[in-house]
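# Summary of structural features
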Amino acid sequence: MINDKLPKIWYGGDYNPEQWEAPDWAEDERMFKLAGIDIATINVFSWALIQPDEDTYDFSGLDAMMDRLYKNGTYVCLATATGAHPAWMARKYPEVTRVDVQGRKRKFGGRHNSNPNSPVYRKFAAAIAGKLAERYKDHPALLAWHISNEYGGYDYSEQSEAAFRLWLKERYGTLDALNKAWNTRFWGHTFYDWDEIVVPNELSEEWNGNRTNFQGISLDYRRFMSHSLLECYRIEYDAIREHSKDVPITTNLMGLYQELDYFEWAKYLDVVSWDNYPALDTPVSLTAMTHDLMRGLKQGQPFMLMEQTPSQQNWQPYNSLKRPGVMRLWSYQAVARGADTVMFFQLRRSIGACEKYHGAVIEHVGHEHTRVFRESAELGRELQQLGDKLLDARSAAKVGILFDWENRWALDLSSGPSVALDYVGEVHKYYDALYRQHIETDMIGVEEDFGKYEIIIAPVMYMVKPGFAKKAEAFVRAGGTFVTTFFSGIVNENDLVTVGGYPGELRSLLGIWAEEIDALLPDMKNEIVMKESWNALKGSYDCGILCDLIHSEEAEVLASYGSDFYAGMPVLTVNAFGEGKAYYIASSPDADFLRAFVGNLCEEKGIAPLVTAAGEVESVQRVKDGKSFLFLLNHAASELPADIGAAERTDLLTGRAVSGQVMVPARGVMILEGALQ
Amino acid sequence: MINDKLPKIWYGGDYNPEQWEAPDWAEDERMFKLAGIDIATINVFSWALIQPDEDTYDFSGLDAMMDRLYKNGTYVCLATATGAHPAWMARKYPEVTRVDVQGRKRKFGGRHNSNPNSPVYRKFAAAIAGKLAERYKDHPALLAWHISNEYGGYDYSEQSEAAFRLWLKERYGTLDALNKAWNTRFWGHTFYDWDEIVVPNELSEEWNGNRTNFQGISLDYRRFMSHSLLECYRIEYDAIREHSKDVPITTNLMGLYQELDYFEWAKYLDVVSWDNYPALDTPVSLTAMTHDLMRGLKQGQPFMLMEQTPSQQNWQPYNSLKRPGVMRLWSYQAVARGADTVMFFQLRRSIGACEKYHGAVIEHVGHEHTRVFRESAELGRELQQLGDKLLDARSAAKVGILFDWENRWALDLSSGPSVALDYVGEVHKYYDALYRQHIETDMIGVEEDFGKYEIIIAPVMYMVKPGFAKKAEAFVRAGGTFVTTFFSGIVNENDLVTVGGYPGELRSLLGIWAEEIDALLPDMKNEIVMKESWNALKGSYDCGILCDLIHSEEAEVLASYGSDFYAGMPVLTVNAFGEGKAYYIASSPDADFLRAFVGNLCEEKGIAPLVTAAGEVESVQRVKDGKSFLFLLNHAASELPADIGAAERTDLLTGRAVSGQVMVPARGVMILEGALQ
Amino acid sequence: MINDKLPKIWYGGDYNPEQWEAPDWAEDERMFKLAGIDIATINVFSWALIQPDEDTYDFSGLDAMMDRLYKNGTYVCLATATGAHPAWMARKYPEVTRVDVQGRKRKFGGRHNSNPNSPVYRKFAAAIAGKLAERYKDHPALLAWHISNEYGGYDYSEQSEAAFRLWLKERYGTLDALNKAWNTRFWGHTFYDWDEIVVPNELSEEWNGNRTNFQGISLDYRRFMSHSLLECYRIEYDAIREHSKDVPITTNLMGLYQELDYFEWAKYLDVVSWDNYPALDTPVSLTAMTHDLMRGLKQGQPFMLMEQTPSQQNWQPYNSLKRPGVMRLWSYQAVARGADTVMFFQLRRSIGACEKYHGAVIEHVGHEHTRVFRESAELGRELQQLGDKLLDARSAAKVGILFDWENRWALDLSSGPSVALDYVGEVHKYYDALYRQHIETDMIGVEEDFGKYEIIIAPVMYMVKPGFAKKAEAFVRAGGTFVTTFFSGIVNENDLVTVGGYPGELRSLLGIWAEEIDALLPDMKNEIVMKESWNALKGSYDCGILCDLIHSEEAEVLASYGSDFYAGMPVLTVNAFGEGKAYYIASSPDADFLRAFVGNLCEEKGIAPLVTAAGEVESVQRVKDGKSFLFLLNHAASELPADIGAAERTDLLTGRAVSGQVMVPARGVMILEGALQ
């Protein structure tokens, strides 16, 4: 349990009372009660308010607000206020603002505006976090600490340049090692002095966001920036822990956010929390995958849904309303996939600046007679009713999909073979195939314990880091099924190619050699033509983007290309390795292939679907103490059936006992408790 | 009359004789006479020429040119030469060049290149304007003063930053008031010292042109920049007026130009003038609307068409020729809508630099035997024939459409609800519906006297400035018909939301409450389903972009949504208020709806179409001394009929008497004088 | 012959052994032999390696490598290593890095990174080139010098600004002359001091790459930058020549690269060399045209194919494999069009940084059992077999197409009439029409001897430089056929319009006057309607982009426009002039028209197609000593016939005698030796 002071699914969200006056606060209290809200995240952007100058701290307003909230029955997730530094600080210490990727020194403005390697910024950030911890560590309202807000954005200042050199010295020891790791003899880049190394931005090696001349330095700079921002987090963490020994500490992550290696970050978070902002047309399975990834950051430990909108965003191009029932449906999607909180940005709408059209539980109209409030209050009641039933329940997935930020960075930075290659998109293709067939899946990092799984899928495992190949081999040798794809096994952790034949370190496991890699033009495709012998996959499927031209060395060929000059060469192979099997998919297949393919794998390993239902019905279970909580989430606008099997289960939201075929209401939710099978 | 020294529609345009040598000047004189040209705008870009260094002024060339032109029968619109500062000034006083929105200090180059808050620039600009006025105030050729040229472009220099702080101090008095107006407690932006405020550009709050983190500062910076450039204009105005007491002063505006609040500017112009550059595919009704807007800047006072091209531009992507007759047609369109001058850029084509492919009366070939010259000369003859008949004639419109630059800025800067929302496009939809039905329309500002109108349409009246709601209520109470739309009444003049229910201050007038605002994805639409009872509008029409989910409080529901979860909720309402009616259109309708809707409103108010004709025939009248001058402009490539009613009128261009159905030639013009009805 | 030490088509390419260790070198040697590789370009990016600091040079590695290669039978094309400056130099002398078009001072990074007007850079570059020449001038492996690498990129530093002013002083002598040439009275740009002139970039006159306010300064800056980079080349050239008197010197050009005037550069190259990187969907005739242009730079002298990829690139969006046979086919295409070398980038693939996915003869797998290596080795054998047969053979074309970089710059910089106008595209349309009809064509500069040709085509000859019109007239007067098009004859070398009627200086030759130039919107077209009388062209063809409205003065009208208001006006004219004819095509025609048109011209002049065959079969001949070497290159994926005429020829690749109809294999090549006819 995140904090047993509130043993239920926490319900509330971001709250910025400093933007209003006291009469509104009383209204807020009244409406929080109506909505069943029991937690408020406060103080997120109050740095300028509580520290009006270098030497003054004023906690009087915060004291009063903490007390008011507690008195009203609302707990607090207390932020450290460092989400944006004050204007006075930027004016007095210009070093606290960033230099951007274009090399431009920024002035005060926005948020994500602090130079993470500014000593002044770090000093002030640690100080305020420490003072807050000292002051509120024992406040009865306090449930969790929330450090800064949505860390992100890279800096290219001279402070970061200096810190980068030190980080490199620590990583490589010698310039010789660095020159080798970055292959600097290419384009005459040999460094003879650490000070010759400059930050890789538009003034040196990079352009257009992810284009670079030198993958080595650019990849390391992403590692370094993720690390720098994490250091800022850790400085505040330590400052809090000095005073507040037990209260859990987190910072709100952003799902698939590109810039930070969240697997590394999660090691320093007591509990993962994240902000979920799908658009009207975001595939629901992509949201599901992101929840699973956030759960996977800490080996399946439940997480906090720190932010979602009750209805609208403001920063998307088209900020559509969440249709009736959808906020509830997506809230339960989060819970189904591991969230032990349901929290909103925001409890009351701002009236000015860029987020005023972001939805809130309390809308601009100010009263409770709105659709959004009614839906919020109904959910509040249900969550109260659920009590602590679901808290700490875990996944029971036997299939894991690997996701790795360093691999993603390396792919994004690659010059060639194709701009159409999209790591997240490829991962999602595999996830979606499992999702639509009601197979429970974990999203896992490369450091995860593979022993928990029957099947591990590693789409585009381009970068093979030290130890990974041996680990994958051990997994398969012991009976596991391993699947990887085209453009895998190509480089080591420094983006240096493993010579001697692709897929490099994975070659013996897969039993193939990839001689060439063809990049198709946007209007080109090829076909996966199945051999007759293999399971239920028959006939031909489309594939594209990249086509590895592979030779089987040990593997059995299950399908071959249907056209182009490599027609007849293998496109799908399986290699018996120890007790297990290793599959290689040499191109990017269509959805039909993937569903049939992963369906077969699961069948082979005896992994049964949770239910029999259409793909619009999402199904997933959480398990605890021998019990299974099966979630059925109908994303369609009409009622749909699902067959849950013969064993009887109880719907926690209605109390009814069900078995066999159940009807899931349009945009409806069922949480079915039963015995774990 | 702009200046009664030339009591006819002035005919001429920009003329840069300094780019050629004397023999060409003699040819120019000969051809001006052939073309009926009687005014030349000179000295627009001569600053470097007449002030070769800080201390030297040399007017000898200008003296001679003024005299030559006058002797040849050509009057002068004399520019103050400050359209671009000299290179020597940029070199000696770097402060005169701008810092751009990216924070880059500019060097010498282009035009629109002066820092409007540079004291040095202002001093030099005032000096040259004063010297010109002193020298030429009594020159017989002088008809008007033309200050600078096409003011525009924002500056972000330290001089502007300092001036912005002073402007803010004056506007808000205290930092408390400013912090409140900008809602700076959002994202921890509280300012404790005026010097903490920095200009909002890509180094602080803005990106991508109109994206900002803080609407308050960005909106104020647009106000401030419009004001700063206007100050530059006014400094020159005052310098001229010190010597030249009566000659009218203007600067050429640019129609729908985004950056300057022309309603504010017009207060300081003796006569509005503007530059009209439609492309081959610009809707003619958009050009008409822009003319009406320019006329509306000074309450219907006739304006100067300061620039148009005889045929081609150079700066559009595809610089098509004006088809035969089109230059004449569009010239009369300007006159029909209030222009008392027809002037070109340019009288002779440049031979070098970026405007050499911009059309001119005298083309590069240099003689009069060109289509362009022949058409110019024919128009010149007609304008001579028209004499002073039309001068000072006014509009008689009973319908006004509101246009407000501050509202436009606020909408452009808004983060959410939809990037598809385009203020000018929405205004034009309503204008076009009236235009195609031959209803005279004025484009008016929010400070206009509403009492002149029967119907006022305020599309997307997002920002309601102080006093506006009361004024609209008074208008309706007295019997007027007021129409507004979705996303209206949302914020005050500081872009702070009016809480308590949209449409805020307009709510009681409209008798509705807008609970939510849905943004449709680009491929989505909804329908306006008419109730059976209302006038000629039957059946269903498409709508989209945004859909307000409204509740009627007092209003009658005339139509409801046809689909989505808000099917059946009102989309069109009317509220009886005093003697009048207030309509609310909750989404952006298609053209069919709008034509039927505004047609019905006009019928209800007894506002008759000027003629019965196809939409390709533009009709509009100017009235003076009890007479009506009815313009029929056929934009089609074939002859079209128009019924002008039974009363006899005289065609000023042919002298023929006409009544009933007349045939308007392809791309032809009729100016029909008759009694005002 | 480029260097008679190796009297055959050189075969090899870029080789960077410094990126690997000695054991790999032995493998390289073995595989070079297997592949028939006899030349390696080395030392391209080794500056940092051989000059580790300001005062130290270390040639030991290079000494050893030169010796090893020679011992192994591999000759050397020795680069001067200045393709990228060392990091230590950028750190110690910041002036050596560039300022970019946005005005940003660059740090160390990438290549093309040196400020060409930095005295420090020039000193160091000359020093290393001289030292290399002194050391290796007599090395038996040395075949050619390769200065720097792919010169390109503009600089906007203060050093370049100062040098630009000096260059301008030399070009114009006086500021008066410069002010006139740039037409600076436009927009008040008169300069009174050379120091007022600033570089034209985004901080002054330019934006979006090729948009400018002042064509004059922007055009001159392109000339100046081409000149500055050429000076860098020449400084190294002179430093080499001081020691190495006879070995040919080159630098590798980039075909249609926009930024450098290669006709000017070629004057200072002993032999032209270039890098050919077509994509999978690049039209083969565009590649052919580029080869012809590179050959034309030095009046038809054979050139070096310095770089091509064995299979893939890395920097294209989609880096497709070269299909089997295509590398050979395209290699022979180069030879057919004048290459006396076939060289690759690269002999062995890098393992790190941005070119690691660029193909190589030795792939990452490291052994010879790859498709790419097999194809490379087969070609190597064929080239050995061909010996010196083809060396120094020349073109026998009677048709020349003019190409001029200054004209191209001026068109690219033009503001109006249409953004759709693309000089290279227009030139290619004409080239392609000839190519598909098997007419030999030379791509020539305006300084070429026109007397060699029967037909000269000058598409969009917008800029007419001094002497050109007289030269064209002399050519036609003597019996030549001259073809030019719309928007020709407009400006002089300073982009100043030639007044008095378009096409200016070409008017009397063409016998027409272009009164107006219409720019069509993207979805518009017009038609070329043939008069009945003219040759085989009948009926109507499409045309578009621009339409000149022309009047015939002396010329015969062969076709007229089919629509719009200028329907019936001439669109195709021919003027009898002396013994020859001058054609004017007033719009951009479709491919059908062009093929028929150029086909007729050739027939009229007795220029016969080389073969009768489909357009997919490319044909071209090289001639030497009374012999003709006819190349047939089948770009289709299936066998195609070609009729080569009755005379017997010998296929050099098979030794077989052939005549009449031959079958060219799919993606196959025939080199048919016969008597020159």
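Residues numbered from 1 in each chain as written. Chains lettered and ligands numbered in written order. Predicted model: local features only at pLDDT ≥ 70, side-chain atom pairs only at ≥ 80, totals over all residues. Heavy atoms only, no water.

Per an unreviewed UniProt entry, chain A goes by Beta-galactosidase and derives from Paenibacillus spiritus. The record in UniProt for chain A states the following under Catalytic activity (unreviewed entry): "Hydrolysis of terminal non-reducing beta-D-galactose residues in beta-D-galactosides." (UniProt positions renumbered as here; feature names shortened; annotations may be inferred.)

## Overview of the packing of aromatic side chains
Per the stated rule, a full pass over the model turns up 126 aromatic pairs over all chains. Between Y277 of chain B and W315 of chain B, the ring centres sit 5.9 Å apart and the planes meet at 80°, which makes this aromatic pair edge-to-face. Highlighted residues: Y277 of chain B in the loop between β9 (273-275) and α10 (284-296) and W315 of chain B in the loop between β10 (303-307) and α11 (326-336), separated in sequence by 38 residues. When the centroid spacing of 6.2 Å and the interplanar angle of 85° are considered together, the rings of W182 of chain C and F191 of chain C count as edge-to-face. Note on W182 of chain C: relative accessible area 2%, which makes it buried. Here a set of aromatic residues connected by ring pairs shows up, and it is made of F108 of chain A together with Y156, F164, W167, Y172, W182, F191, Y221 and F224 of chain B. K123 of chain B extends its terminal NZ or CZ atom over the ring of F124 of chain B, reaching a point 4.8 Å from the ring centre. Sitting above the plane of the F450 of chain C ring, K471 of chain C keeps its charged end 4.3 Å from the centroid. (Phe/Tyr/Trp six-rings, centres within 6.5 Å; stacked < 30°, edge-to-face > 60°. Helix = DSSP H or I, 4+ residues; strand = E, 2+ residues; numbered from the N terminus. Buried < 20%, exposed > 50% of the residue type's maximum accessible area, 1.4 Å probe, protein only. Lys NZ or Arg CZ within 6 Å of the ring centre and 35° of its normal.)

## Concerning the nonpolar core
In this structure, F487 and F597 of chain A, F487 and F597 of chain B together with F487 and F597 of chain C are the most contacted members of the largest nonpolar core, which totals 648 residues. In contact with F487 of chain B, not counting residues within four places along its chain, are Y357 of chain A together with L411, P417, L421, V460, M461, Y462, I517, L546, D548 and Y584 of chain B. (Core = buried A, V, L, I, M, F, W, Y, C linked by side-chain atoms within 4.5 Å. Contact = heavy atoms within 4.5 Å.)

## Quick word on the relation of the copies chain B and chain C
With an RMSD of 0.0 Å, chain B superimposes on chain C once it is rotated by 120° and translated 0.0 Å along the axis. Seen this way, the second copy is the image of the first under a three-fold rotation axis. Among all residues of chain B, the one whose C-alpha sits closest to the rotation axis is R104 of chain B, at a distance of 5.4 Å. Both copies present different contact surfaces, since only 2% of the interface residues of chain B are interface residues in chain C too. (Least-squares fit on C-alpha atoms with pLDDT ≥ 70 in both.)

## Some thoughts on the UniProt feature "domain: Beta-galactosidase C-terminal" (unreviewed entry) in chain A
The UniProt record marks residues 619-673 of chain A with the feature "domain: Beta-galactosidase C-terminal" (unreviewed entry), using the residue numbering of this structure. Between the C-alpha atoms that bound residues 619-673 of chain A the distance is 13 Å, and the span itself is 0% helix and 58% strand.

## Let's talk about the relation of the copies chain A and chain B
For the pair chain A and chain B, the superposition axis carries a translation of 0.0 Å, the fit reaches an RMSD of 0.0 Å, and the rotation angle comes to 120°. Of all interface residues in chain A, a mere 2% are interface residues in chain B too; the two copies therefore contact each other through different surfaces.

## Some words on the sheet that holds strand β26 (residues 640-643) of chain B
Residue and element names in this part refer to chain B. Overall, antiparallel pairing links the three strands, which are arranged β23-β26-β29 in an open sheet. The strands lining the two open edges of the sheet, one partner per strand, are β23 (612-613) and β29 (661-664). In the sheet, β26 pairs with β29 via four bridges, with the strands oriented antiparallel. Its bridge partner lying in β29, A642 is registered against V662. (Pairing = 2+ DSSP bridges.)

## Here we look at the interface of chain A and chain B
On the chain B side, the residues contacting the 51 residues of chain A number 57 residues. Taken together, the two surfaces of chain A and chain B that pack against each other cover about 4700 Å², and 56% of this comes from carbon and sulfur. For chain A, the biggest contributors to the area lost against chain B are K107, Y318 and Y357 of chain A; these three give 15% of the whole. Our count for the chain A to chain B interface comes out at eight salt bridges. Counting across the chain A and chain B interface gives 31 residue pairs in polar contact (both at pLDDT 80 or more). Contributing elements (two or more residues each) for the side of chain A that touches chain B: α2 (47-50), α4 (87-92) and α12 (371-386) of chain A. It is α4 of chain A that contributes the most residues to the side of chain A that touches chain B, three residues altogether. Across the side of chain A that touches chain B, the residue classes break down as 21 nonpolar, 16 polar and 14 charged. (Buried area = accessible area lost by both parts, 1.4 Å probe. Salt bridge = Lys/Arg side-chain N within 4 Å of Asp/Glu carboxyl O. Polar contact = N/O pair within 3.5 Å; in protein donor to acceptor, adjacent residues only side chain to side chain. Nonpolar A, V, L, I, M, F, W, Y, C, P; charged D, E, K, R; others polar.)

## Considering the interface of chain B and chain C
Tallying the contact residues gives 51 residues for chain B and 57 residues for chain C. Where chain B abuts chain C, roughly 4700 Å² becomes buried across the two surfaces, and 56% of that area is made up of carbon and sulfur atoms. Together, K107, Y318 and Y357 of chain B form the three largest contributors to the area buried by chain B at its contact with chain C, with a combined 15%. At the surface where chain B touches chain C, the tally comes to eight salt bridges. For the salt bridge of R323 of chain B with D518 of chain C, the shortest nitrogen-to-oxygen distance reads 2.7 Å. Remark: the boundary between chain B and chain C carries 32 residue pairs in polar contact (both at pLDDT 80 or more). Of all the secondary structure elements, the ones that give two or more residues to the side of chain B that touches chain C are α2 (47-50), α4 (87-92) and α12 (371-386) of chain B.

## Looking at the domain arrangement of chain A
Residue and element names in this part refer to chain A. The assigned domain composition of chain A is domain 1 (10-154 + 229-386), domain 2 (158-220), domain 3 (399-604) and domain 4 (612-675). Taking the mean C-alpha position of each, domain 3 and domain 4 sit 33 Å from one another. Across the contact, four residues belong to domain 3 and eight residues belong to domain 4. In this assembly, domain 3 packs against domain 4 so that about 590 Å² is buried in total across both faces, 44% of it on carbon and sulfur atoms. Looking at the side of domain 3 facing domain 4, the largest losses of area belong to Y435, H438 and E440, adding up to 84% of the total buried there. The interface formed by domain 3 and domain 4 contains zero salt bridges. Scanning the region where domain 3 abuts domain 4 turns up five residue pairs in polar contact (both at pLDDT 80 or more). Broken down by class, the residue content of the side of domain 3 that touches domain 4 amounts to one nonpolar, one polar and two charged. (Domains from an automatic or database assignment.)

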